[in-house]
Amino acid sequence: MDDEARKRLIRSRLKQQNGGKKEIAVRYQSKYPDSAQREYIRLVDQYMAVEKQVILRYMPELKKILWEDQQYNTDASGNDKKRKTRRFAILEGILSQLKELFERMLKEMESTFGLFGLKKMLESVAALNLKLTVREWKKTVNRTLGLNLLDDYYSGSFYQDMLETWVSDNVDLIRTIPHESLRKMKEIVYQAYMDGKPTTYIVKEIQRQYGRDKRHARLIARDQVAKLNAAITQRQQTDAGIRRYRWSDSRDERVRDSHKKLNGRIFRWDDPPETDAGRRCHPGQDYQCRCCALAIFDLDNIDLPV
């Protein structure tokens, strides 16, 4: 039996089993790849810990530079004019020291990150995401249509290319975090110094900025896992001849209002809905979106690797 004849036979049997229906909605709610997300968050936490270690090593030197400046600016007579004169006299030297300090910090970070194995760790996250998404898709097909998919179909060249592109993009994305973090910290130090803020204030602001950057890194991890999951899901369904899906949100308090309005509605893969003004996306493609696409099986066009 040739491939086309086999497909026709499968379609005919599925329609008979489902009372002649042409379309079947899924009977299984796929689970989100939480363990892949946890692995990515663990990765960025380790990455940010390297940044923290470098900052802590250089913190005494930073404090020393700022403390020496404050000593120069102390005037027992309280003569404000003299204090300002001395401040401008040493300004260029202090800023030069700070610039050189941050350059050494960045160089050490880059050297340390070079030993981190970021690409290999991201490849593990991508592979786990694919494994979990495929497992859920197989459950969806089996519980809805009673079919068992081939084990190795979703390890083909297209899916490997998809993972490689995702890994490459995420390597670039994660590498920008410490650069941007250090740039912001440098701006904090410069601005606070020019405003005459005490060293204790500057140190606390650096700590706050690190906390913000760590939270941002975790947001990136969650967002990128969702996007890869969404891309694999779309390809799986369109490969199977599925043209439409039902939007399903994550049913918790974090769902944004614009996505709640889409919940339960049917859309086409070739025509993404408008999620916000001027923005069109499928489930999981929007920033921090945890919604999913529930396949609507078209039994006249079904094409599954069984």
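Rules used throughout
- Residues numbered from 1 in each chain as written.
- Predicted model: local features only at pLDDT ≥ 70, side-chain atom pairs only at ≥ 80, totals over all residues.
- Heavy atoms only, no water.
- Helix = DSSP H or I, 4+ residues; strand = E, 2+ residues; numbered from the N terminus.
- Rg over C-alpha atoms; globule rule 2.2 N^0.38 Å.
- Buried < 20%, exposed > 50% of the residue type's maximum accessible area, 1.4 Å probe, protein only.
- Contact = heavy atoms within 4.5 Å.
- Areas by Shrake-Rupley, 256 points an atom, 1.4 Å probe, with all protein chains shown as cover.
- Lys, Arg positive; Asp, Glu negative; His and termini not counted.
- Charge placed at Lys NZ, Arg CZ, Asp CG, Glu CD.
- Phe/Tyr/Trp six-rings, centres within 6.5 Å; stacked < 30°, edge-to-face > 60°.
- Lys NZ or Arg CZ within 6 Å of the ring centre and 35° of its normal.
- Salt bridge = Lys/Arg side-chain N within 4 Å of Asp/Glu carboxyl O.
- Pairing = 2+ DSSP bridges.
- Axes fitted to C-alpha atoms, helices over the stretch in contact; angles between N-to-C directions.
- Core = buried A, V, L, I, M, F, W, Y, C linked by side-chain atoms within 4.5 Å.
- Parallel < 35°, antiparallel > 145°, perpendicular 65-115°, else oblique.
- Left-handed = near helix turned anticlockwise from the far one by under 90°.
- Nonpolar A, V, L, I, M, F, W, Y, C, P; charged D, E, K, R; others polar.

A.B. asks: When you look at the overall build of the chain in this model, what are you seeing that I'm missing?
C.D. replies: Across its full length, the chain holds seven helices and six strands. Taken against the 2.2 N^0.38 rule, which gives 19 Å for 306 residues, the C-alpha radius of gyration of the chain at 28 Å runs more than 25% over that of a compact globule. The buried share among the 306 residues of the chain stands at 43%. At a minimum sequence separation of 6, the contacts of the chain that also span at least 24 residues come to 80%. Surface exposure of the chain reaches about 16,900 Å², of which carbon and sulfur atoms provide 49%. The positive charge centre, built from 59 side chains, and the negative charge centre, built from 45, are 4 Å apart in the chain.

A.B. asks: In this structure, what is going on with the packing of aromatic side chains? I would like to understand it.
C.D. replies: Note on aromatic pairs: each is described by the distance of the centres and the angle between the planes. Scanning the model with the defined rule gives 10 aromatic pairs in all. On the basis of an interplanar angle of 75 degrees and a centroid distance of 5.1 Å, the ring pair of Tyr47 and Phe116 is categorised as edge-to-face. Highlighted residues: Tyr47 in helix H2 (residues 34-72) and Phe116 in the loop between helix H3 (80-113) and helix H4 (118-145), separated in sequence by 69 residues. Both residues of the pair, Tyr47 and Phe116, count as buried. On the numbers, 4.9 Å between centres and 90 degrees between planes, the contact of Tyr153 with Tyr154 is edge-to-face. Residue class for Tyr154 comes out buried when judged on its relative accessible area of 3%. The structure contains a cluster of three or more aromatic residues connected by ring pairs, namely Tyr153, Tyr154, Phe158 and Tyr159. Above the plane of the ring of Tyr201 lies Lys197, whose end atom (NZ or CZ) is 5.3 Å from the centre.

A.B. asks: How should I be thinking about the environment of Leu294 in this particular structure?
C.D. replies: Its place among the elements puts Leu294 in strand E6 (residues 292-298). As a C-alpha pair, Leu294 and Glu187 span 107 residues in sequence and 47 Å in three-dimensional space. The contact partners of Leu294, leaving out residues within four places of it in the chain, are Val26, Gln29, Tyr245, Arg246 and Ser248.

A.B. asks: Quick question: what am I supposed to make of the pattern of salt bridges here?
C.D. replies: Side chains that differ in sign of charge can pair as their charged atoms come close. All chains considered together, the criterion is met by 24 salt bridges. In this structure, Lys7 engages Glu4 in a salt bridge whose closest nitrogen and oxygen atoms are separated by 3.7 Å. Taken as a pair, Lys7 and Glu4 lie in helix H1 (residues 3-17) at a separation of three residues, close to a single helical turn. Overall, the relative accessible area of 42% leaves Glu4 in the partly exposed class. For Glu180, the salt bridge identified is with Arg183, shortest N-O distance 2.2 Å. You can see Glu180 and its partner Arg183 sitting in helix H5 (residues 157-194), three residues apart, about one turn around the helix.

A.B. asks: Help me understand the sheet that holds strand E3 (residues 266-268), please; the structure alone is not making it clear to me.
C.D. replies: Think of a sheet as strands paired side by side through backbone hydrogen bonds, with each pair either parallel or antiparallel. The four strands lie next to each other as E1-E6-E2-E3, forming an open sheet whose pairing is antiparallel. Single-partner strands in this sheet number two, and they are strand E1 (23-25) and E3. Here the average twist between neighbouring strands, direction ignored, is 35 degrees. In the sheet, E1 pairs with E6 via three bridges, with the strands oriented antiparallel. Across the sheet, Ile24 pairs through a bridge with Phe297, a residue of E6. Packed on one face of the sheet, H4 meets E1 and E6 and runs near 40 degrees to E6.

A.B. asks: For this particular structure, what's the right way to read the pairing of E6?
C.D. replies: For a regular strand, the rule is simple: side chains alternate between the two faces of the sheet. With seven of seven residues buried, E6 lies mostly within the body of the structure. Residues of E6 alternate between two faces, with Cys292, Leu294, Ile296 and Asp298 on one and Ala293, Ala295 and Phe297 on the opposite face, all of them buried. Two elements, strand E2 (residues 244-248) and E6, share five bridges in a ladder whose sense is antiparallel. Bridge pairing in E6 places Arg244 opposite Ile296.

A.B. asks: Quick question: what am I supposed to make of the nonpolar core here?
C.D. replies: Where a protein is soluble and globular, its nonpolar side chains tend to be buried together. Formed by 81 residues in total, the largest nonpolar core has its most connected members in Tyr40, Trp137, Leu145, Phe297 and Leu304. Only H1, H2, H3, H4, H5, helix H6 (199-239), E2 and E6 provide two or more residues apiece to this core. Considering every element that reaches this core, the biggest residue donor is H2, with 15 residues. With residues near it in sequence (within four places) discarded, Leu304 still touches Arg6, Trp137, Val141, Leu145, Leu147, Leu149 and Ala240.

A.B. asks: What exactly am I supposed to notice about the packing of H5 against H6 here?
C.D. replies: Relative placement of two packed helices is described by the angle separating their axes and the distance separating the axes. Where H5 meets H6, the closest approach of the two axes is 10 Å, and the angle between their N-to-C directions is 165 degrees. One element, H5, and the other, H6, form an angle in the roughly antiparallel class. For H5 against H6, the interelement crossing comes out right-handed. Tallied by class, residues from the contact of H5 with H6 come to 23 nonpolar, five polar and six charged.

Geometric values such as these leave the question of function open.
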